[in-house]
Amino acid sequence: LQLAADLRQALVRNEFHLVYQPSVELRTGRIVAVEALIRWKHPDRGNVTPDEFIPIAESLGLIRLIDRWVLETACAQVCRWDEAHLPPIRIAVNVSAGSLGHPDFVAGISAVLTSTGLPAKRLLLEITESAILHLGEDTQRTMLALHGLGIGVAIDDFGTGYSSLAYLKLPSVKFLKIDRSFITGLPNSSNDAAITEAMVAIARSLDLNTIAEGIETEGQHEFLLRAGCAEGQGFLYSRPLPTEEIERLLAPNA
Ligand code: G
Ligand code: G
Ligand code: MN
Ligand code: NA
C-alpha cells in the first residue's frame, strides 16, 4: 500500500501538523482547554484524515512515534502560550491503544513533561473505552502510574464502546467525553436526552467532569447546560483551528 509507505516517511518529512479545538465552560463560554488533533498533508493527495491514517499507523507499529510527536508538539505549544501570557488552558491529547499498551508509555509522558516544563495537571490524555478494554490488567498499573504523576485521563467517545464501567473507578480518570452521536439528537430525541442525562448523573456521582462533544446548535447547548454538563466542544463554539487562530481567541483583547 503506497499510503503505508508514505506514512513511514511522513514524520521525518515534516508532513504532520496539529490543529486545536477549544473546549468551553458551558456556563460562560470561556475557553478552558484545547484538544490537539493531528493533520497529515500528503505531498500528492493533499489532506489525509486521521480516520484514514491512524488505523494504518496502528497496524504498522508507527502509532507510538506519532502519538509521541503529538504529545511533544502540543505540550511545547501550550508552554509557548503560557510564555506569551495567554490564559493558562488545559491541553488534551488523544492516545491510541498501541501507545497506551506499551511498557514505556508512562516514562515517555513523564519525559515530555520534564523536557517541556508543562505541569502534569495541565495535561489530559484522551483514551477511548475500547483502548482501555483491550489492555486488561496492565491498564490498572498504567492508570495508577499516571495518577501518581498527577496526569488526568478523559474517557473519549464515552458510551460507544463495549466495556464494563469498572474503569470509571480508576484514580486517574477525571473526565467523561460524551460521544457526539448522543448529542446530535438533542434536545428533541427523548432517547438521546435520557442517555445524556444518565451519563451526566453517573459522572457526577463518581465525581467526574463531563465534556459533551459535537455541539452544533444553541438547543444542544441549552439542554446540556440544564442537564449539568460543565464543558463542551463543537462547531457551535469553534472548529479545530491552527495555532495563530487559537492565539487570537485566547488573547484577552481579542
Ligand atoms: O480530527 P478529526 O475529527 O478528523 O479526528 C478523527 C479521529 O482521529 C478522532 O477519533 C480522533 O480522536 C482521532 N485523532 C485525531 N488526532 C489524533 C492524534 O493525534 N492521535 C490519535 N491517536 N488519534 C487522533
Ligand atoms: O474522537 P474525537 O473526539 O477525538 O474526535 C474529534 C473529531 O470530531 C475531530 O476530527 C473534529 O473535527 C470532530 N468534531 C469536533 N466538533 C464537531 C462538531 O461539532 N460536529 C462534527 N460533526 N464533528 C466535530
Ligand atoms: Mn478526542
Ligand atoms: Na470523540
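Structure first, text after, so check above.
Since the model is a prediction, treat every value here as computed from it, not as a measurement.

With omega at 0 degrees, the peptide bond leading from Leu186 into Pro187 counts as cis. Along the polypeptide, Pro187 turns up in the loop between helix H8 (180-183) and helix H9 (190-205). Its identity as a non-glycine residue notwithstanding, His85 has a phi of 65 degrees, on the positive side. Within the secondary structure, His85 is located in the loop between helix H3 (63-83) and strand S4 (90-94).

Turning next to the environment of Leu65. Locating Leu65 in the fold gives a position in helix H3. Along the sequence, Leu65 and Ala203 sit 138 residues apart, while their C-alpha atoms lie 33 Å from each other.

We now examine the coordination of the sodium ion (ligand 4). Bound to the sodium ion (ligand 4) on the protein side are Asp156 (OD), Asp157 (OD), Glu213 (OE) and Glu213 (OE), at distances that span 1.9 to 2.8 Å. What the six donor atoms of the sodium ion (ligand 4) show is an angle range of 49 to 154 degrees at the metal, which sorts the shape as irregular. Donor residues binding the sodium ion (ligand 4) come from one chain and are separated in sequence as D-D-x55-E. Between the sodium ion (ligand 4) and the manganese ion (ligand 3), the interatomic distance is 4.4 Å, and Asp156 donates to each metal, bridging them. Of this pair, Asp157 sits in strand S6 (residues 152-158) while Glu213 sits in the loop between strand S8 (209-212) and helix H10 (218-227), and the two are 56 residues apart along the sequence. Looking at Asp157, the relative accessible area reads 24%, which means it is partly exposed.

This part is about the coordination of the manganese ion (ligand 3). Every protein donor of the manganese ion (ligand 3) is listed here as Glu35 (OE), Asn94 (OD1), Glu126 (OE) and Asp156 (OD), and their distances to the metal cover 2.1 to 2.5 Å. Coordination of the manganese ion (ligand 3) draws on donor residues from a single chain, spaced E-x58-N-x31-E-x29-D in sequence.

A full pass over the atoms with the stated rule returns eight salt bridges. Residue Glu25 pairs with Arg30 through a salt bridge whose shortest N-O separation is 3.6 Å. For Arg90, the salt bridge identified is with Glu231, shortest N-O distance 3.0 Å. Note that Arg90 is positioned in strand S4 and Glu231 in strand S9 (residues 231-232), a separation of 141 residues in sequence.

Our focus in this paragraph is the site of ligand 1. Near ligand 1 the following residues occur: Leu37, Ile38, Arg39, Pro50, Asp51, Ile54, Asp67, Val70, Asn94 and Ser96. Side-chain polar atom of Arg39 to an oxygen atom of ligand 1: 2.8 Å apart, as the coordinates give it. At 3.2 Å from a nitrogen atom of ligand 1 is found a side-chain nitrogen or oxygen belonging to Asp67. Within the complex, 76% of the 500 Å² of free accessible area of ligand 1 lies under protein. Among the cavities detected, the one that contains ligand 1 is the largest pocket. For the shell around ligand 1, the elements supplying multiple residues, two or more each, are strand S2 (31-42), helix H2 (50-60) and H3. Tallied by class, residues from the shell around ligand 1 come to five nonpolar, two polar and three charged.

On to the site of ligand 2. Residues in contact with ligand 2 amount to 14 residues; listed here are only the nearest, Gln21, Arg180, Glu213, Glu216 and Phe235. Between an oxygen atom of ligand 2 and a side-chain N or O atom of Asn94, the distance comes to 3.4 Å. Within the side chain of Asp156, an N or O atom sits 3.4 Å from an oxygen atom of ligand 2. For ligand 2, the cavity whose grid points lie within 2 Å of the majority of its atoms is the largest pocket. Taken together, the elements giving at least two residues each to the shell around ligand 2 come down to S2 and S6. Residues of the shell around ligand 2, tallied by class, amount to four nonpolar, four polar and six charged.

Reading guide: rules and limits
Residues numbered from 1 in each chain as written. Chains lettered and ligands numbered in written order. Predicted model: local features only at pLDDT ≥ 70, side-chain atom pairs only at ≥ 80, totals over all residues. Heavy atoms only, no water. Helix = DSSP H or I, 4+ residues; strand = E, 2+ residues; numbered from the N terminus. Donors = N, O, S within 2.8 Å, 3.2 Å for Na, K, Ca; no water. Tetrahedral: all angles 85-135°; square planar, octahedral: opposite > 155°, others 65-115°. Buried < 20%, exposed > 50% of the residue type's maximum accessible area, 1.4 Å probe, protein only. Salt bridge = Lys/Arg side-chain N within 4 Å of Asp/Glu carboxyl O. Near = heavy atom within 4 Å. Polar contact = N/O pair within 3.5 Å; in protein donor to acceptor, adjacent residues only side chain to side chain. Areas by Shrake-Rupley, 256 points an atom, 1.4 Å probe, with all protein chains shown as cover. 1 Å grid on protein atoms, 1.4 Å probe; cavity = no way out; pocket = protein on both sides within 12 Å on 5 of 7 lines; lining within 4 Å. Sits in = over half its atoms within 2 Å of the grid points. Nonpolar A, V, L, I, M, F, W, Y, C, P; charged D, E, K, R; others polar.

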